[in-house]
Amino acid sequence: MTPPPAARRNSTAARDVASVLHPYTDGRAHQKNGPLVITKGKGVRVWDDQGREYIETVAGLWCASLGFDNERLVQAALRQMRELPFYHGFTGRSHEPQVELAEMLLERAPVPMSKVFFANSGSEANDTAVKMIWYFHNAQGRPQKKKIISRIKGYHGVTVASASLTGLPYNHKLFDLPIAGILHAGTPHHYRNARPDESEEAFATRLAEGLDAMIVAEGPETVAAFFAEPIMGAGGVIVPPATYFEKIQAVLRRHDVLLVADEVICGFGRTGNYWGCQTFGIRPDILTCAKALSASFLPISAVLVNERVFEGLADGSSSLGTFGHGFTYSGHPVPAAVAVETLKIYDETDIVGHVRAVAPTLQDGLRERFGDHPLVGEVRGVGLIGAIELVEDKATKRAFDPARKVAIRLTRIAERHGLITRALPGDGLAFSPPLIISRAEIAEMLERVGRALDELAVELRRESLAVV
Ligand SMILES: Cc1ncc(COP(=O)(O)O)c(C=O)c1O
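Quick caveat, the model's predicted, so the values are computed rather than measured.

### Focus: a nonpolar patch on the surface
Then comes step 1: A surface patch of nonpolar side chains, about 330 Å² in accessible area, is lined by Tyr24, Val158 and Tyr170.
Then comes step 2: The residue valine 158 is located in the loop between strand 5 (147-151) and helix 8 (160-165) in this model.

### Observations regarding the site of the ligand
Then comes step 1: Close contacts around the ligand come from Ser121, Gly122, Ser123, Asn126, Tyr155, His156, Gly157, Glu229, Asp262, Val264, Ile265 and Lys291, and that covers them all.
Then comes step 2: Contact distances for the ligand include 2.7 Å between a nitrogen atom and a side-chain N or O atom of aspartate 262.
Then comes step 3: In terms of residue count, helix 7 (residues 122-139) provides more of the shell around the ligand than any other element does, three residues in total.
Then comes step 4: Considering only residue class, the shell around the ligand consists of three nonpolar, six polar and three charged.

### Some words on the sheet that holds strand 12 (residues 385-390)
Then comes step 1: With antiparallel pairing, four strands are arranged side by side in an open sheet as 11-12-15-14. Two strands bound the open sheet, and with one partner strand each, they are strand 11 (376-382) and strand 14 (422-424). Here the strands of the sheet are splayed against their neighbours by 25° on average, with no regard to which way each runs.
Then comes step 2: Against the sheet, helix 15 (residues 351-370) makes contact with strand 11, strand 12 and strand 15 (428-431), and its axis sits at roughly 170° relative to strand 11, the strand it touches most.
Then comes step 3: Docked against the sheet, helix 16 (residues 406-416) engages strand 12, strand 14 and strand 15, running at close to 170° with respect to strand 14.

### Things to note about unusual backbone geometry
Then comes step 1: A cis amide bond links leucine 177 with the next residue in sequence, proline 178, at an omega value of 5°.
Then comes step 2: Topologically, proline 178 is positioned in the loop between helix 8 and strand 6 (182-185).
Then comes step 3: One non-glycine residue, alanine 295, lies in positive phi territory at about 55°.
Then comes step 4: As for its position among the elements, alanine 295 is in the loop between strand 9 (286-289) and strand 10 (301-305).
Then comes step 5: Even without being glycine, lysine 405 reaches a positive phi, approximately 45°.
Then comes step 6: In this structure, lysine 405 sits in the loop between strand 12 and helix 16.
Then comes step 7: Judged by its relative accessible area of 47%, lysine 405 falls in the partly exposed class.

### Quick word on the environment of aspartate 347
Then comes step 1: Along the polypeptide, aspartate 347 turns up in helix 14 (residues 333-348).
Then comes step 2: Looking at aspartate 347, the relative accessible area reads 39%, which means it is partly exposed.
Then comes step 3: Considered as a pair, aspartate 347 and leucine 207 are 140 residues apart in the sequence and their alpha carbons are 37 Å apart.

### Side note on the sheet that holds strand 2 (residues 45-48)
Then comes step 1: The strand order across the open sheet built from four strands is 1-2-3-13, with neighbouring strands paired in mixed fashion. Each edge of the open sheet is held by one strand with a lone partner, namely strand 1 (38-42) and strand 13 (419-420).
Then comes step 2: Here strand 1 runs beside strand 2; their pairing, made up of four bridges, is antiparallel. The residue of strand 2 that forms the bridge with lysine 40 is tryptophan 47.

### Observations concerning the pairing of strand 7 (residues 223-228)
Then comes step 1: Of all six residues making up strand 7, six are buried, and the element is well covered by its neighbours.
Then comes step 2: One ladder, built from three bridges, connects strand 5 with strand 7; its direction is parallel. In the strand pairing of strand 7, lysine 147 is matched with valine 223.
Then comes step 3: When strand 7 meets strand 8 (residues 258-262), the two strands line up parallel, connected through four bridges.

### Concerning the pairing of strand 3 (residues 53-56)
Then comes step 1: In terms of strand pairing, strand 2 meets strand 3 through three bridges, oriented antiparallel. Looking across to strand 3, one finds that arginine 45 is bridged to isoleucine 55.
Then comes step 2: As paired strands, strand 3 and strand 13 are joined by two bridges and run parallel to one another. Residue pairing for strand 13: isoleucine 55 is matched across the bridge by leucine 419.

### Considerations on the pattern of salt bridges
Then comes step 1: Inspection of the entire model under this criterion finds 27 salt bridges.
Then comes step 2: Of the charged contacts, one joins arginine 206 and glutamate 198 as a salt bridge, the two residues approaching to 2.8 Å between their closest N and O atoms.
Then comes step 3: For arginine 206, a relative accessible area of 27% translates into the label partly exposed.
Then comes step 4: What makes glutamate 198 buried here is its relative accessible area of 12%.
Then comes step 5: Of the charged contacts, one joins aspartate 256 and arginine 308 as a salt bridge, the two residues approaching to 3.2 Å between their closest N and O atoms. Highlighted residues: aspartate 256 in the loop between helix 11 (244-254) and strand 8 and arginine 308 in helix 13 (residues 307-320), separated in sequence by 52 residues.
Then comes step 6: Overlapping salt bridges, with partners in common, bring together Glu392, Asp393, Arg398, Arg404, Arg409, Glu459 and Glu463 in one network.

### Here's the deal with the nonpolar core
Then comes step 1: With 101 residues, the main nonpolar core has Leu101, Leu105, Phe226, Phe268, Leu293, Ile388 and Leu390 as its most contacted residues.
Then comes step 2: It is helix 17 (residues 439-467) that contributes the most residues to this core, nine residues altogether.
Then comes step 3: Ignoring anything within four residues of it in the chain, the contact list for phenylalanine 226 reads Ile149, Arg151, Leu211, Tyr244, Ile248, Leu252, Val257, Leu258, Leu259 and Val260.
Then comes step 4: One finds Val130, Met132, Phe136 and Leu258 within the second-largest nonpolar core, a separate group that totals 23 residues.

What counts as what
Residues numbered from 1 in each chain as written. Predicted model: local features only at pLDDT ≥ 70, side-chain atom pairs only at ≥ 80, totals over all residues. Heavy atoms only, no water. Patch = residues over 30% accessible without salt bridge, like charges linked within 9 Å, V, L, I, M, F, W, Y side chains within 5 Å. Areas by Shrake-Rupley, 256 points an atom, 1.4 Å probe, with all protein chains shown as cover. Salt bridge = Lys/Arg side-chain N within 4 Å of Asp/Glu carboxyl O. Helix = DSSP H or I, 4+ residues; strand = E, 2+ residues; numbered from the N terminus. Near = heavy atom within 4 Å. Polar contact = N/O pair within 3.5 Å; in protein donor to acceptor, adjacent residues only side chain to side chain. Nonpolar A, V, L, I, M, F, W, Y, C, P; charged D, E, K, R; others polar. Pairing = 2+ DSSP bridges. Axes fitted to C-alpha atoms, helices over the stretch in contact; angles between N-to-C directions. Contact = heavy atoms within 4.5 Å. Buried < 20%, exposed > 50% of the residue type's maximum accessible area, 1.4 Å probe, protein only. Core = buried A, V, L, I, M, F, W, Y, C linked by side-chain atoms within 4.5 Å.

Structure below.
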């Protein structure tokens, strides 16, 4: 066999296959297929190393809220790197960017919060929240109150505790997860899980009763906290049914169970309010956020805690002489400065107002274009987050055989139509574009999705004819 020309052997793609172990990738398939190498971005678009242009329909990983270029953020990072490129927060050290960012977050929090702890990723923020909850209850003299409930299909990250909270099989299998003491409650997905003719309200009541029964069966004195995304993102873009959070919170209050809102995707305007908590009437004790916090120009995440939780943590740390938790880069000044600038841009450009103005183009557009499409079982979403769920039989909601990987095939076809898309478990396709997207860009995105979906329909029809 003649070896590939040197230029190809030395391509970024070939070097990638030879050297990079990819997150969330089939390692064997990657050896065969190689990477998609992205070389530049502008606005809602990115380009690959062959010069092909794509609309980024999921803002990278639901995160590049201001798109793929922003000179103000570049300058904010540069200024901070020149002034103070690193300092930490251990043993009471501090610096202006982390203080300013903490103040800004507390001013914007959906409910009164007391203090902000910084980390580097959504996973670290949720792991931190788990540790804080255990620490809090120990410090308060309730060492048995430790179990944590999240939900099947919830996504909270991949570090050991966060992956345990995550309710998806591929985050557990082969990893020996979840760890002990993590329970998963039912998924609030009306389309898939409601009984025939069950209203959203009745379905929400049943889920709340299920949660109540789970807490009672475990013993309320052993249940510490409940984690929830306002809208479940990576597990399927699942919008909770009407009255769900109201009823869930009543159960949590009854059993003195802390509520953690994971705002890693929903925070900073995604749902048409500053926080997903405001969209759904959620009043958390702890709030975690990341991603759009810095428009993803640099990694940073935050854990906001209310006064009650802070008091418990402060007492515990005082009894030991320190709070034995923290990352070298907790509150790193450069991402903190970029996050401060990001939040200023959100205010000055009224990003929430923009999302509200353009969201109908996405939500109505998805429903009008795809609601009747024979492959689409459900269209769902709020604000600038949405999804379509592909089904084999629309009338009976019968899903495709997972082995056919229909949604993954759609993402490949979509790539040929100039779209970077995201397949969801259960054969969904997610939409979570940069928050700066215009109406015209949404229309262009949906036009391309339509062409990709029609091409998939033709392929699937051809296959079923071949089977017959
Ligand atoms: C809701 C939610 N929480 C947590 C995480 C984990 O964040 P990270 O990937 O930054 O660790 C994600 C990532 O997509 C997420 O969507």
